[in-house]
Amino acid sequence: MTYLQNKPTPIVLLTITIGSTGIVGCHFSPKLPIAQSSVTDTETFKQCEKPESNRFAVEENLGDFSSQPDDSYVQDPESYFDISVGGGVIVADFNGDMRPDIFIPTHGQDLLYLNQGKRRFRLASDWMPSNGDITYSVGGSAADYDGDGDLDLYLVTAFGSDRLYQNTGHSFEDVSLEVGISQSEGDSTAAVWFDYDLDGDLDVFIAGHKEDSFSEDQFPQATTNTLYQNANGAFEKVDLVDEDTEPFTYAAAWIQTSQGSRPWLYKVNDFGYEVVPNRIYDNTEAGFSLITGTGLDQPMYGMGIAQADLNGDQIPDFLMSDFERVQMFLSEGDEMWYETALASGLDINKEENFFSWGVNIFDFDNDSDLDVFAGWGPVSNHGEGISSDDSLVQPNTYWLNNEDGFQNISSEWQLVDASISRGSAVADLDQDGLLDLVIGNINAPAEIRWGRCMNGKWVSIQLSQATLNRFGVGSVISLDTERGRQSRWIIAGDSFASSGPPVAHFGLGETELEQITIEVTLPDGTQSSHQIAVNQHTTVTLD
């Protein structure tokens, strides 16, 4: 595998080994004495082909997903569209059948598509809350906040109140008021879960932005960022650091710098040059405090974030979307990061691409190298037209990781489209051992890019434990092959207003291994090892 070199000046790629930390798809693989496994009968290797593009408006083999209603996306973006409404996607196994389902936020009635297998989906209107309210949904994330084994859904919205949907096993129930989720008006853009206080249950950070028109020298008041602490299934607001000016936060991540320590909170902010740059906060029992000098506290027009170990040091690295670029920050130890996007080959065409949004780091061909996706689209058109530094058509970009760095293969693989993209999530939707990519669009139906390149063996792991953090959100899973050590984090909330399943997918490359040992480290520092089989989806049960 190729590791990105761990030194700040021109980045070269060393041919060593790495893993793929998935965000473009997730399977539930392997086999353990204490695991449930499903085997995929596929060739171990086959020649890499062009990924197949399934656009709902034209495909007829995806069931109800191929006929998303016209009112679920903007029909005339040249006249009007909002910045973020309908932009995210949430992929998770909501009904517990081990097949990832797809939740699509919209300008009207949100859509849940249950995965029926064989690339077919059923619109599950019967799952939606009976209150029938129409919300301006942006996106959100899935996590089991009450520890009952079902993935619940936090829905971030614009022009109104966020919603927390409790999963009853056969439907969603809106419990927002009951559990203390604020009903104040505002515009939220991300929901990122973690056990921030290490008390065993999941808490959630909510990023606030503003769905409004902006001028060069005048900014409306941003919606306040909020941290909800889980207290026996009810939520209480936690004090964060008071800023002189509230940042326009679009995305966030929790960073655990050492095993068993409280995680740092990292905010990715828009208008970083004019208002507040990206912020990183220490988290102690006494509260939060600002940290500077890490290299991550940079100004940018930040929209989305992805996390992975790109240089093989078992410390998270980050990919962020920005204006006319993406930014990649590699760790160099001692709680420091440096920016290396251009040096690593993540260049873009500035005549075509202006604003990037959803970003993902993933290994879509299982060769053990981590590849990169970024979705692009104009900022907004609130009836005022597109600005001169923007364009309705901004093609999404796919970068393939090879020994010479990242290579933009979007045109070569015929992956260019004209949709206004926002959020994105990955999951192995058809359970074939390859990661698939779900993209949320403003002016078109959500779309699926099906993985078709099998260049190595793989494993896919879901955790299960008899605690309130049933799926082990915040855990890191590591393994070793002949190609070196790979690590993946179980994340709930990333990209732009999106989230994928709580699953770790590893491409192993051309290995002879049939069994592999994984090491699981929980947020509280507890470690365990498990033997699993390759080329399988496994649920690992922890004692």
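Look above for the structure.
The rules we used
Per-chain numbering applies: the sequence of each chain, read as written, is numbered from 1 onward. This being a predicted model, a pLDDT of at least 70 is required before a residue's local features are given, and a value of 80 or more before pairs of side-chain atoms are given or counted; all residues contribute to the totals for chains, interfaces and linings. As a rule here, side-chain values come from all non-hydrogen atoms in the structure, and water together with hydrogens is ignored. Here the term cavity refers to a set of points on a 1 Å grid, laid over the protein atoms alone, in which a 1.4 Å probe fits but cannot get out; the term pocket refers to an open set having protein on both sides within 12 Å along at least five of seven lines, with lining residues being those that place an atom within 4 Å of a point. Grid points are joined across faces, edges and corners, and a volume is the space filled by probe spheres set on the points. We count a stretch as a helix when DSSP gives it H or I for four or more residues in a row; a strand needs E for two or more, and each element gets its number in order from the N terminus. The nonpolar class holds Ala, Val, Leu, Ile, Met, Phe, Trp, Tyr, Cys and Pro. Asp, Glu, Lys and Arg form the charged class, and all remaining residues, Gly among them, are polar. For two strands to be treated as a pair, DSSP must find at least two bridges joining them. A fitted line through C-alpha atoms represents every axis, and for helices the fit uses only the stretch in contact; the resulting angles, taken between N-to-C directions, go from 0 to 180 degrees. Centre distance within 6.5 Å is the pairing criterion for rings of Phe, Tyr and Trp, where only the six-membered ring of Trp is used; planes under 30 degrees apart are then read as stacked, over 60 as edge-to-face, and the remainder as tilted. Buried, partly exposed and exposed residues are distinguished by accessible area as a fraction of the type maximum, computed with a 1.4 Å probe on protein chains only: under 20%, between the cut-offs, and over 50%, respectively. By the criterion adopted, a ring carries a charge over it if an Arg CZ or a Lys NZ lies within 6 Å of its centre and within 35 degrees of its normal.

1. Quick notes on empty space enclosed by the protein
Taking a probe equal in size to a water molecule and rolling it over the atoms shows the remaining empty space. Following the criterion strictly, the structure yields 7 cavities of 30 Å³ or more and no others. When its volume is computed, the largest cavity comes out at roughly 190 Å³. Around the largest cavity, the lining comprises 20 residues; the ones closest to its centre are F194, A253, W254, Q307 and I491. If you list the elements that add at least two residues to the lining of the largest cavity, you get β13 (188-194), β17 (248-255) and β21 (305-308). Residue composition of the lining of the largest cavity, grouped by class: 15 nonpolar, 4 polar and 1 charged.

2. Here's the deal with the sheet that holds β13
Think of a sheet as strands paired side by side through backbone hydrogen bonds, with each pair either parallel or antiparallel. The sheet built from 4 strands is open, its strands ordered β13-β14-β15-β16 with antiparallel pairing. Looking at which strands have only one partner, the edges of the open sheet turn out to be β13 and β16 (234-238). For this sheet, the mean angle separating the axes of adjacent strands, direction not counted, is 25 degrees. Note that strand β15 (residues 226-231) and β16 share 5 bridges and pair antiparallel. Considered in β16, the bridge of L227 is made with V238.

3. Regarding the packing of aromatic side chains
Using the criterion set out here, one finds 26 aromatic pairs in the structure. For the ring pair F103 and F172, a centre distance of 6.4 Å and an interplane angle of 75 degrees mean the geometry is edge-to-face. With a gap of 69 residues between them, F103 in strand β6 (residues 101-104) and F172 in strand β12 (residues 172-174) connect regions that are remote in the sequence. Across the pair, exposure class does not vary: F103 and F172 are buried alike. Taking 5.3 Å as the distance between ring centres and 80 degrees as the angle between the ring planes, the aromatic pair formed by F248 and F271 counts as edge-to-face. In this pair, F248 is assigned in strand β17 and F271 in the loop between β18 (264-270) and β19 (279-284), connecting sequence segments 23 residues apart. Exposure class is identical for F248 and F271. Each is buried. Counting every residue linked through ring pairs, the aromatic cluster contains F248, F271, Y273, Y301, F323 and F355. Across the ring face of W450, the terminal group of R119 is positioned such that the distance to the ring centre comes to 4.2 Å. Above the face of the W357 ring, R422 is positioned so that its terminal group lies 3.9 Å from the ring centre.

So yeah, pure geometry; function would need other evidence.
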